[in-house]
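# A structural walkthrough
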Amino acid sequence: MQEAPPSASVSTRLLRIAQLAREAPEMAFTNLAHHVDLDWMKEAFRRTRKDGAAGVDGQSAAQFAEDLEVNLQRLLNGMRTGSYHAPPVRRVFIPKADGKQRPLGIPTFGDKVLQRAAAMALEAVYEQDFLDCSYGFRPARSAHQALETLWRSLGVRGGWVFEVDIKGFFDNLDHRQLRAILDNRVRDNSLRRLIDKWLKAGVLEGGEVRYSALGTPQGGVISPILANIYLHEVVDTWFEKEVKPRLNGRAQMVRFADDLVMVFDNGVDARRVGDALHLSRLPGPAQDSLPTDDQS
């Protein structure tokens, strides 16, 4: 499938949004959707994976591309007028190594492209706010880098370690709290209307559409950036601004999506944070062994 190269105008606009966000960290953006035009949509299409299964409409990426400009313009018009209807996500189950099944959400391809267009705008803003401790689903960042950072921290000093997995995070993210967090930086009506529609789109399973007041869009392109926005506020910023200033020794956190590791030089500090997090069992020094899941 032939694809156009990245648009220089889109790159310029993304850089401009990023510059404004960096220079005005307290500013809320009200006109981000103004930057989204047909070139922006073409770039979103270019960045969208095209090897996935079809959503509820049965349309593949190749079929979408057969009439590309018409399809992109239709998505763009729907965003601008508020008439876009977010289709439900098709849910399938894939087997896991332990014999259980893992649910997998499959949006329509067109919905993926529009989500990518929105995620590009959000990313340009929030990449200026995100802290160095987060590595998941961010440009030029990876799980290997997160592990390397953790290894350097432990290799030099050792310490006390918490390994934390936020159970069921993507299924239980509170929409009301997410909206309040978004209000601090993004108040663009078009984008916020789209995000609300994706949060409420529902899941198609067994011929029935089910809705939930919690969670991010299953399998959605927009889900990782929304998750990072939420966790930046309630975990990363909390640890940097509320926890670290109250500690006696050094501490570091490394987060990849909803998995995070906290390393403490001081055992008393570790136990105080463990009490704050209501952890039932506390880990021992990392020199002896890293904590297992039931020790976190």
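This one's a predicted model, so the numbers in the text were calculated from it and none came from an experiment.

### Brief notes about the pairing of strand E1 (residues 89–95)
Pairing analysis gives two bridges linking E1 to strand E4 (residues 203–205), with the strands arranged parallel. Across the sheet, residue Arg-90 finds its bridge partner in E4, namely Leu-204. Pairing of E1 with strand E2 (residues 101–106), which is carried by six bridges, proceeds in the antiparallel orientation. Across the sheet, the residue bridging to Arg-90 is Ile-106, located in E2. Between E1 and E2, which pair antiparallel one after the other, the connecting turn spans five residues, and Gly-99 there sits at a positive phi close to 90°.

### Structural notes on the environment of Asn-228
Among the structural elements, Asn-228 can be located in helix H10 (residues 223–243). Taking the C-alpha atoms as reference points, Asn-228 and Asp-258, 30 residues apart in sequence, are found 8.7 Å from one another. The residues contacting Asn-228, other than those within four sequence positions of it, are Phe-130, Gly-136, Phe-137, Arg-138 and Arg-255. Among the polar contacts made by the side chain of Asn-228, one reaches the side chain of Arg-255 at a distance of 3.0 Å.

### Comments concerning the sheet that holds strand E7 (residues 259–264)
Taken in spatial order, the three strands line up as E3-E7-E6 in an open sheet, and their pairing is antiparallel. Strands at the two margins of the open sheet, each flanked by one partner only, are strand E3 (160–165) and strand E6 (251–256). Each strand axis lies, on average, 15° off the axis of its neighbour in the sheet, ignoring direction. Here E6 runs beside E7; their pairing, made up of six bridges, is antiparallel. Within E7, the position partnered with Val-254 by the bridge is Val-261.

### Considerations on the pattern of salt bridges
Taken as a whole and judged by the stated rule, the model has 18 salt bridges. With a closest N to O distance of 2.9 Å, Asp-129 and Arg-185 form a salt bridge. Taken as a pair, Asp-129 in the loop between helix H5 (109–126) and helix H6 (143–157) and Arg-185 in the loop between helix H8 (175–183) and helix H9 (189–199) lie far apart in primary sequence, 56 residues in all. The same class applies to Asp-129 and to Arg-185, which are both buried. A salt bridge links Arg-250 to Asp-265; its shortest N-O distance comes to 3.1 Å. Highlighted residues: Arg-250 in the loop between H10 and E6 and Asp-265 in the loop between E7 and helix H11 (267–276), separated in sequence by 15 residues. When its relative accessible area of 52% is taken as the criterion, Arg-250 is described as exposed. A network of salt bridges, in which partner residues are shared, links Glu-43, Arg-46 and Arg-47.

Analysis parameters
Every chain is numbered on its own, with residues counted from 1 as its sequence reads. In keeping with the predicted nature of the model, local features appear solely for residues at pLDDT of at least 70, side-chain atom pairs appear and are counted solely at 80 or more, and the whole-chain, interface and lining totals rest on all residues. With hydrogens and water excluded, all non-hydrogen atoms of the structure serve as input to the side-chain values. Two strands qualify as a pair provided DSSP detects at least 2 bridges between them. The helix and strand labels rest on DSSP assignments: H or I over at least four residues marks a helix, E over at least two residues marks a strand, and numbering proceeds from the N terminus. Note on contacts: a residue pair qualifies if any of its non-hydrogen atoms lie within 4.5 Å across the two residues. For this analysis, a polar contact is any N or O atom pair within 3.5 Å, provided that within protein one partner can donate a hydrogen and the other can accept it, and provided that sequence-adjacent residues contribute only side-chain to side-chain pairs. Each axis is a line fitted through C-alpha atoms, and for a helix only the stretch in contact is used; angles between axes span 0 to 180 degrees, taken between their N-to-C directions. For this analysis, a salt bridge means a side-chain nitrogen from Lys or Arg found within 4 Å of a carboxyl oxygen belonging to Asp or Glu. To sort residues, take the accessible area from a 1.4 Å probe on protein chains only and compare it with the maximum for the residue type: under 20% means buried, over 50% means exposed, and anything in between is partly exposed.

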